[in-house]
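The residues making up each chain are set out below.
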Amino acid sequence: MPEPALPPDTSQGSGPMPEPMLDVVGLHKTYPGDGRPVEAVRDLTFRLEHGEFVCVVGPSGCGKTTLLKCLAGLMAPTSGRVELAGRPVTGPPADLAVVFQEYGRSLFPWLTVRANVELPLIEKGTGKARRRELVEESLAAVGLSGSADAHPWQLSGGMQQRVAIARAVAYEPAVLLMDEPFAAVDAQTRGDLEDLVRDIWRRLDVTVLFVTHDIDEAVYLGQRVLVLSAAPTVLQEEVRVDLPEERDQLDTRKDPRFAELRAWAYAEIQRAKADVHRSGAGPRE
Amino acid sequence: MTAATAPARGPGTAAHAARRAFRALALPAVLIGVWWAVSSASGSYLVPPPDVIAAAFAELWFSERFFADALPSIARLLGGYALALALGIGAGLALGSAPRLRALTEPVLEFLRAVPPPVLVPLLILLAGVGNGMKVLVIVSGCVWPILLNTIEGVRAVDPVLADTCRAFGVRGTRRLRTLVLRSASPQIMAGARQALSIAIILMVISEMFASSSGLGFTVVQFQRSFAVPEMWAGIVLLGLIGVVLSLLFRRVERRVLAWHTGLRAATRGE
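Residues numbered from 1 in each chain as written. Chains lettered and ligands numbered in written order. Predicted model: local features only at pLDDT ≥ 70, side-chain atom pairs only at ≥ 80, totals over all residues. Heavy atoms only, no water.

**Considering the overall build of chain A**
Looking only at helices and strands, chain A features nine helices and 10 strands. Taking 285 residues into account, the globule formula puts the C-alpha radius of gyration at 19 Å, and chain A, at 19 Å, falls close to it. With the principal axes as the frame, chain A shows a C-alpha extent of 55 × 50 × 40 Å. Taking the contacts inside chain A whose residues are at least 6 apart along the sequence as the reference set, 72% of them involve residues at least 24 apart. For chain A, the accessible area works out to roughly 12,300 Å², and carbon and sulfur atoms hold 52% of it. Where the 32 positive side-chain charges of chain A centre and where its 42 negative ones centre are 4 Å apart. (Helix = DSSP H or I, 4+ residues; strand = E, 2+ residues; numbered from the N terminus. Rg over C-alpha atoms; globule rule 2.2 N^0.38 Å. Contact = heavy atoms within 4.5 Å. Areas by Shrake-Rupley, 256 points an atom, 1.4 Å probe, with all protein chains shown as cover. Lys, Arg positive; Asp, Glu negative; His and termini not counted. Charge placed at Lys NZ, Arg CZ, Asp CG, Glu CD.)

**Here we look at the overall build of chain B**
When helices and strands are tallied, chain B shows 11 helices and zero strands. Counting helices and strands in the order they occur from the N terminus, chain B gives α-α-α-α-α-α-α-α-α-α-α. Over its C-alpha atoms, taken along the principal directions, chain B stretches across nearly 70 × 55 × 30 Å. Scored against the burial criterion, the 271 residues of chain B give a buried share of 40%. Considering only contacts within chain B whose residues lie at least 6 apart along the sequence, 76% involve residues at least 24 apart. (Buried < 20%, exposed > 50% of the residue type's maximum accessible area, 1.4 Å probe, protein only.)

**A look at the layout of surface pockets**
Considered as a void within the structure, the second largest pocket measures approximately 490 Å³ in volume. Residue lining of the second largest pocket: 25 residues in total, with Gly104, Arg105 and Pro109 of chain A together with Leu264 and Thr268 of chain B positioned closest to the centre. Ranked by residues supplied to the lining of the second largest pocket, first place goes to helix H11 (residues 259-270) of chain B with five residues. (1 Å grid on protein atoms, 1.4 Å probe; cavity = no way out; pocket = protein on both sides within 12 Å on 5 of 7 lines; lining within 4 Å. Points joined across faces, edges and corners; volume = space filled by probe spheres on them.)

**A few points about the pattern of salt bridges**
Residue and element names in this part refer to chain A. Per the counting criterion, the structure on display carries 33 salt bridges over all chains. Taking the shortest distance from any N to any O, the salt bridge between Asp95 and Arg87 comes out at 3.2 Å. A residue is classified by how much of its surface remains accessible, and Arg87, at 49% relative accessible area, is partly exposed. Arg190 is the salt-bridge partner of Glu217, the closest N and O atoms lying 3.0 Å from each other. Of this pair, Glu217 sits in helix H7 (residues 215-221) while Arg190 is found in helix H6 (residues 187-203), placing the two residues 27 residues apart along the sequence. Each member of the pair Glu217 and Arg190 is classed as buried. Salt bridges here are not isolated pairs; linked through shared partners, they connect Arg190, Glu194, Asp214, Asp216, Glu217, Arg253 and Arg262. (Salt bridge = Lys/Arg side-chain N within 4 Å of Asp/Glu carboxyl O.)

**A closer look at the interface of chain B and chain A**
At the junction of the two partners, chain B supplies 25 residues and chain A supplies 28 residues. Together chain B and chain A conceal approximately 2,500 Å² of surface at their shared face, both sides included; 67% is due to carbon and sulfur atoms. Connecting chain B to chain A are three salt bridges. Here chain B is connected to chain A by eight residue pairs in polar contact (both at pLDDT 80 or more). Residue assignment for the side of chain B that touches chain A shows that the elements contributing at least two residues are helix H7 (160-168), helix H8 (173-209) and H11 of chain B. Broken down by element, the residue count for the side of chain B that touches chain A peaks at eight residues, all from H7 of chain B. Looking at the side of chain B that touches chain A, its residues break down into 13 nonpolar, six polar and six charged. (Buried area = accessible area lost by both parts, 1.4 Å probe. Polar contact = N/O pair within 3.5 Å; in protein donor to acceptor, adjacent residues only side chain to side chain. Nonpolar A, V, L, I, M, F, W, Y, C, P; charged D, E, K, R; others polar.)

**Regarding the pairing of strand S6 (residues 96-99) of chain A**
Note on strand geometry: in a regular strand, side chains alternate between the two faces of the sheet. All names here are of chain A. Of the two faces of S6, the one holding Leu96 and Val98 and the one holding Ala97 and Val99 are both buried throughout. Pairing of S6 with strand S7 (residues 175-179), which is carried by four bridges, proceeds in the parallel orientation. Counted as the bridge partner of Leu96 is Val175 from S7. (Pairing = 2+ DSSP bridges.)

**Focus on the packing of helix H5 (residues 157-170) of chain A against H6 of chain A**
Residues and elements named next belong to chain A. At a closest axis distance of 11 Å, the pairing of H5 and H6 adopts a crossing angle of 10 degrees. Put simply, H5 runs roughly parallel to H6. Contacts between H5 and H6 involve Gly158, Gln161, Arg162, Ile165 and Val169 on the former and, on the latter, Thr189, Asp192, Leu193, Leu196, Val197 and Ile200. Split by residue class, the contact of H5 with H6 holds six nonpolar, three polar and two charged. (Axes fitted to C-alpha atoms, helices over the stretch in contact; angles between N-to-C directions. Parallel < 35°, antiparallel > 145°, perpendicular 65-115°, else oblique.)

**Structural notes on a nonpolar patch on the surface**
All names here are of chain B. A surface patch of nonpolar side chains, amounting to about 470 Å² of accessible area, comprises Leu27, Val30, Leu31, Val34 and Val38. Inspection of the secondary structure assignment puts Leu31 in helix H1 (residues 14-42). Under the relative-accessibility criterion, Leu31 is labelled exposed at 53%. (Patch = residues over 30% accessible without salt bridge, like charges linked within 9 Å, V, L, I, M, F, W, Y side chains within 5 Å.)

**Topic: the packing of aromatic side chains**
Aromatic rings in a pair are described by how distant their centres are and how their planes are angled relative to each other. Residues and elements named next belong to chain A. Taken as a whole, this structure holds nine aromatic pairs over all chains when the rule is applied. Three or more aromatic residues joined by ring pairs form one cluster here, namely Phe53, Phe182, Trp201 and Phe210. Above the ring of Tyr171, the side-chain terminus of Lys124 is found at 4.5 Å from the ring centroid. In this arrangement the basic side chain of Arg253 is found over the ring face of Tyr220, its NZ or CZ atom lying 4.7 Å from the centre. (Phe/Tyr/Trp six-rings, centres within 6.5 Å; stacked < 30°, edge-to-face > 60°. Lys NZ or Arg CZ within 6 Å of the ring centre and 35° of its normal.)

**A short note on the UniProt feature "domain: ABC transmembrane type-1" (unreviewed entry) in chain B**
Per the UniProt record, "domain: ABC transmembrane type-1" (unreviewed entry) is annotated on residues 70-250 of chain B. Between the C-alpha atoms that bound residues 70-250 of chain B the distance is 20 Å, and the span itself is 86% helix and 0% strand. (UniProt positions renumbered as here; feature names shortened; annotations may be inferred.)

**A closer look at the UniProt feature "domain: ABC transporter" (unreviewed entry) in chain A**
Following the UniProt record, the feature "domain: ABC transporter" (unreviewed entry) maps to residues 22-255 of chain A here. Secondary structure across residues 22-255 of chain A divides into 34% helix and 26% strand, with the first and last C-alpha atoms of the span separated by 31 Å.

**Let's talk about the sheet that holds strand S2 (residues 38-48) of chain A**
Residues and elements named next belong to chain A. The mixed open sheet is built from 10 strands, whose spatial order is S5-S4-S1-S2-S10-S9-S3-S8-S7-S6. In this open sheet, the two edge strands, each paired with only one partner strand, are strand S5 (87-88) and S6. Relative to strand S8 (residues 207-211), strand S3 (residues 53-57) runs parallel, the two being bridged by four bridges. Considered in S8, the bridge of Phe53 is made with Val208. Contacting S6 and S7, H5 runs over the sheet at an angle of about 175 degrees to S6.

**Let's talk about unusual backbone geometry**
With phi around 50 degrees, Ala85 of chain A is a residue other than glycine that occupies positive phi space. By secondary structure assignment, the location of Ala85 of chain A is in the loop between strand S4 (79-84) and S5.

**Overview of the domain arrangement of chain A**
Residue and element names in this part refer to chain A. Taken domain by domain, chain A consists of domain 1 (20-95 + 173-285) and domain 2 (102-172). The gap between the C-alpha centroids of domain 1 and domain 2 is 25 Å. Domain 1 puts 17 residues into the contact, and the matching count from domain 2 is 13 residues. Taken together, both faces of the contact between domain 1 and domain 2 bury some 1,100 Å²; the carbon and sulfur share is 72%. Taken together, the connections running from domain 1 to domain 2 amount to one residue pair in polar contact (both at pLDDT 80 or more). Mapped by element, the contributors of at least two residues to the side of domain 1 that touches domain 2 are S7 and H6. It is H6 that provides the largest number of residues to the side of domain 1 that touches domain 2, a total of seven residues. (Domains from an automatic or database assignment.)

So, in structure tokens, the structure goes:
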């Protein structure tokens, strides 16, 4: 069993640390429930540096979505704090964009593709000329320039998720949160979309937190992978993905190092599940 | 991927249009024919043949009578309907987005909806007199419920993912109301509005049958009392025609407003 390639952040040497882009400290979330509170996230502490691409994996039902909602300011944590570029997140921050898993339900079916991408910009107060520019650019970036006047339901699932990505990109966020964005698209489309996201991340100055249940995807995409435990969630392990920056669906996935990392992450997740079974888990006390 | 949707049944050719017109008019033509045969065979004074009714219709409604009786009725109908739409959608948006308020008001709303609006006429005459105000109020009091209750349902059913999307991108206030809430509730709102339209026509007539001296409902009753049978029939036919025209107009509006919904449903079924 390969060892984790790198210990967590602590090893980054002395000197003044640059301000993290996203700083999560002691995040805890318990849902009140009907007399039986459910502890979804127990204690999460991690940070994303400016421009990083970090993937979060964990066993299913491990509170990934809860975590993401707390980060996006869509849900208040029970305790702990989230900071975006040094400012505490209390509601949805203006320099953060989200791509949801359910593309079919996160796009407005009554708006065209163009209007879907433009809507957040109107609300943001972006000028008309600049808006048009951003919409054109972001649709071109996801390869959908020709579909600007279509409605989302006229497009395939993969194309719809591209629209959602274009909308997030046009918003010009500092941080891009992606919640299992490719879980519902077919395998080939998925590969294309993964490369698209890598490409966008490298071209734009954006920090990406990518939540997935797919270990291969996490290792393929990320610079770092955080492995979560089963609920109530803690940070189980963390690994730096020391694969070359230039990634390719064929070559990267053939790389022995890819297989090692993948196996390591897989083992960690198995361990996370086993821990739960042994301790009987459950949201007690 | 694109063909599954609306344009499949485009404008079509002239032959196509002729076929459609034939299909729409064939049955009415047959029915009028049957009517003709039956009425001339029986010779009943109460069931005059279509040509007599048509003559009475032309004489009656292609005169200033149309402006004196029909037009004010239609104006009250549309006014009451518009008022009910504004009231129903407005209150529906408020109640639909406030669960506590909704729980509080629901029993009362159900009760009020269950009261048959015609029984309100005597009450409204006392409160609002016998003028236009009373007649419009009768129409509003019957129309508003299906619109209100459907709007509430529609607002409650807003997709949580879409709501989260709005929040995440900071879309709020009136823009949220317009682009998210109203649009996603529009299928239900339109269903309520369609019910309300037929209720409005019924109530327009009923409101004019009480203590009234003009209007379509009044005209029909007056002709009936004076045994002007063909004219009475002409009044009924006009009411029917108004109903048909309004429902055609409604369908046009609905097709525009709900184009996305029709397309979305077709696309979902196609997969």
